Amino acid sequence: MTHPISKSDDKDVGIAGIVLFLILTFAWSWGFWGSKVLLELGVVEGVPVLPNLGAFGPTVAAFLLVAYANGFAGVRQLAGRAIQLDYPKQWILVALLLPPAIVGGALAVAVVTGTTPTFPWAGQPIVLLLAFVWIFLLGGPIQEEFGWRGYLLDPLQERLTPLGGGLAVGLVWAVWHLPLFYIPSETIYYDNPFLGFAVSITLLSVLMTWVYNSTNGSLLPALLMHTSWNWAQGMFPILDSDPASLAMVGLLVAATIVVVVYSGSKRLGQTGRVAQSD
C-alpha cells in the first residue's frame, strides 16, 4: 500500500514528505530537549526526567514516513542503504580521512599560534579506536543520518540542485541543534557561538552531499564521515583555540570551493539519477 507522501513509481519524496519529516524531526528532538532548556532559562522550576532520546529525531521521522509510504519493504530498503557497497571503495577512505585532515590542519594552526592542545586519550592510544566505534554505534551518525541523508537530501537536491540541497540540509541540521546550546550538560555546544557551528556544519553538509552522490546514495560513507568528523573534533580538540577554530572554518570553505568547482554545483558527484529516498 502506498500513500501520497511518496510516489510509488520512483520513490520520490514529495513536498508533503519533506514538511512532515521536518515537523516530526523537530517535534521529537525539541520535545525531549525543550524541558531542559526551559529549566535552564528559569521558565520552569522542575521538569520530568526524560530519556536521552532527542538525537534520534531525524532517524525516527525517516523510518516512520518510509513505513507509512512503503511499508516494511521501504523500511528494509532504507536500512539496507547503510550497508550498500555498489560504488568505488576509495570513497570510504575519503569519508574517513577528509574530516581528520581538516581538523588536523586546524590543530597545526593551534600549535603554531601558541596553544598547547590537551588530548583526552594521552597515554591510552586504544581510546582512539574505542571512541570511533562508540561514536559510530551510539553517537550522532546512527541517530541522524537515516534522516538527513537517507530521507531529506534527495528531494531537496532534486528541487534545489545538489549544492542547494546540501546547503539546505546543512542549515536545517544546524538549526535542529539549537536547543543544545542552552543545555549545560551538552558541553561541546553550551556557551559556544552558534554562528560558527552553523557555518561549519552547513559546509560539512555540502562535502557530505558530494560523498553521498559519489557513492550512489549509500548511507555507509555518510555514517562514516559523520563519525569521523565527531571523532576528530573530540580526540583532537581545537575549539579551545580561536585561531584554530577560524582555521577549521577556513579549511572547510576551501575544501567546499574545491569540491564545488571540481564537481559542479549542479552535479556535485552525481553520475546519473541518484538513488531516491523511500
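Numbers given for residues are sequential positions, taken from 1 along each chain in its written order. Predicted model: local features are reported for residues with pLDDT of at least 70 only, side-chain atom pairs are reported and counted for 80 or more only, and whole-chain, interface and lining totals are derived from all residues. Excluded from the side-chain calculations are hydrogens and water; all other atoms, namely the structure's heavy atoms, are used.

> Break down the side chain of Thr256 for me, citing the residues and quoting the values.
Within the secondary structure, Thr256 sits in helix H8 (residues 242-263). Accessible area is worked out with a 1.4 Å probe on protein chains only. A residue is then buried under 20% of its type maximum, exposed over 50%, and partly exposed in between. Owing to a relative accessible area of 8%, Thr256 belongs among the buried residues under this scheme. In terms of polar contacts, Thr256 uses its side chain to reach the backbone carbonyl oxygen of Leu252, at 2.7 Å. Contact partners of Thr256, with chain neighbours within four places excluded, come to Leu203, Val206 and Leu207. Secondary structure elements are taken from DSSP: a helix is a run of H or I of four residues or more, a strand is a run of E of two residues or more, and numbering for both begins at the N terminus. Pairing of N or O atoms within 3.5 Å defines a polar contact, subject to two protein rules: one partner must be a possible hydrogen donor and the other a possible acceptor, and residues neighboring in sequence count only if both atoms are side-chain atoms. A contact between two residues is defined here by any heavy atoms of the two lying within 4.5 Å.

> Mind laying out the layout of surface pockets, listing which residues take part and the relevant values?
By volume, the largest pocket is sized at about 1400 Å³. Here a cavity is any set of points on a 1 Å grid over the protein atoms alone where a 1.4 Å probe fits but cannot get out, and a pocket is any open set with protein on both sides within 12 Å along at least 5 of 7 lines; a residue lines the site when it has an atom within 4 Å of a point. Lining the largest pocket are 42 residues; nearest its centre among them are Ile188, Tyr189, Phe197, Asn230 and Gln233. Counting residues per element, the ones that place at least two in the lining of the largest pocket are helix H4 (126-138), helix H5 (140-176), helix H6 (194-214), helix H7 (220-235) and H8. The element best represented in the lining of the largest pocket is H7, accounting for 6 residues. In this count, Pro and Cys sit with the nonpolar residues alongside Ala, Val, Leu, Ile, Met, Phe, Trp and Tyr, while Asp, Glu, Lys and Arg are called charged and the others, Gly among them, polar. Among the residues forming the lining of the largest pocket, the class breakdown is 23 nonpolar, 15 polar and 4 charged. Grid points are joined across faces, edges and corners, and a volume is the space filled by probe spheres set on the points.

> Explain the pattern of salt bridges to me, and be specific about the residues and the numbers.
Any carboxyl oxygen of Asp or Glu within 4 Å of a side-chain nitrogen of Lys or Arg constitutes a salt bridge here. One pass over the full model with this rule turns up 1 salt bridge. As a salt-bridge pair, Glu145 and Arg149 come within 2.8 Å of each other at their nearest N and O atoms. One end of the pair is Glu145 and the other is Arg149, both in helix H5 and 4 residues apart, which spans about a single turn. Taken as a pair, Glu145 and Arg149 share a single burial class, namely buried.

> Go over H7, please, and point to the residues and values.
Expected helix span is computed as 1.5 Å times (number of residues minus one). Here H7 is 16 residues long and its end C-alpha atoms lie 22 Å apart, about the 22 Å a rise of 1.5 Å per residue gives. Of all 16 residues making up H7, 13 are buried, and the element is well covered by its neighbours.

> An account of the packing of aromatic side chains is requested, with residue identities and associated values reported.
We describe a pair of aromatic rings using the distance from one ring centre to the other and the angle between the two ring planes. Aromatic pairs are defined between Phe, Tyr and Trp rings, using the six-membered ring for Trp, whenever the two ring centres lie within 6.5 Å; interplanar angles under 30 degrees are classed as stacked, those over 60 as edge-to-face, and all others as tilted. Applying the stated criterion to the full structure yields 18 aromatic pairs. Ring centres of Tyr189 and Phe197 lie 5.6 Å apart, and the angle between their planes is 90°; this geometry places the pair in the edge-to-face category. Per residue, the accessibility class of Tyr189 equals that of Phe197, and both read buried. An aromatic cluster of three or more residues is present, and its members are Phe21, Trp33, Trp148, Tyr151 and Trp176. For a ring to carry a charge above it, either NZ of a lysine or CZ of an arginine must fall within 6 Å of the ring centroid while also lying within 35 degrees of the normal to the ring plane. Sitting over the face of the ring of Trp173, Arg149 holds its NZ or CZ atom 4.6 Å from the ring centroid.

> Tell me about unusual backbone geometry, and name the residues and values.
Although it is not a glycine, Asn216 adopts a positive phi angle of roughly 60°. Within the element layout of this structure, Asn216 appears in the loop between H6 and H7. A positive phi angle, near 45°, is found at Leu268, a position not held by glycine. In this structure, Leu268 sits in the segment after H8. Overall, the relative accessible area of 0% leaves Leu268 in the buried class.

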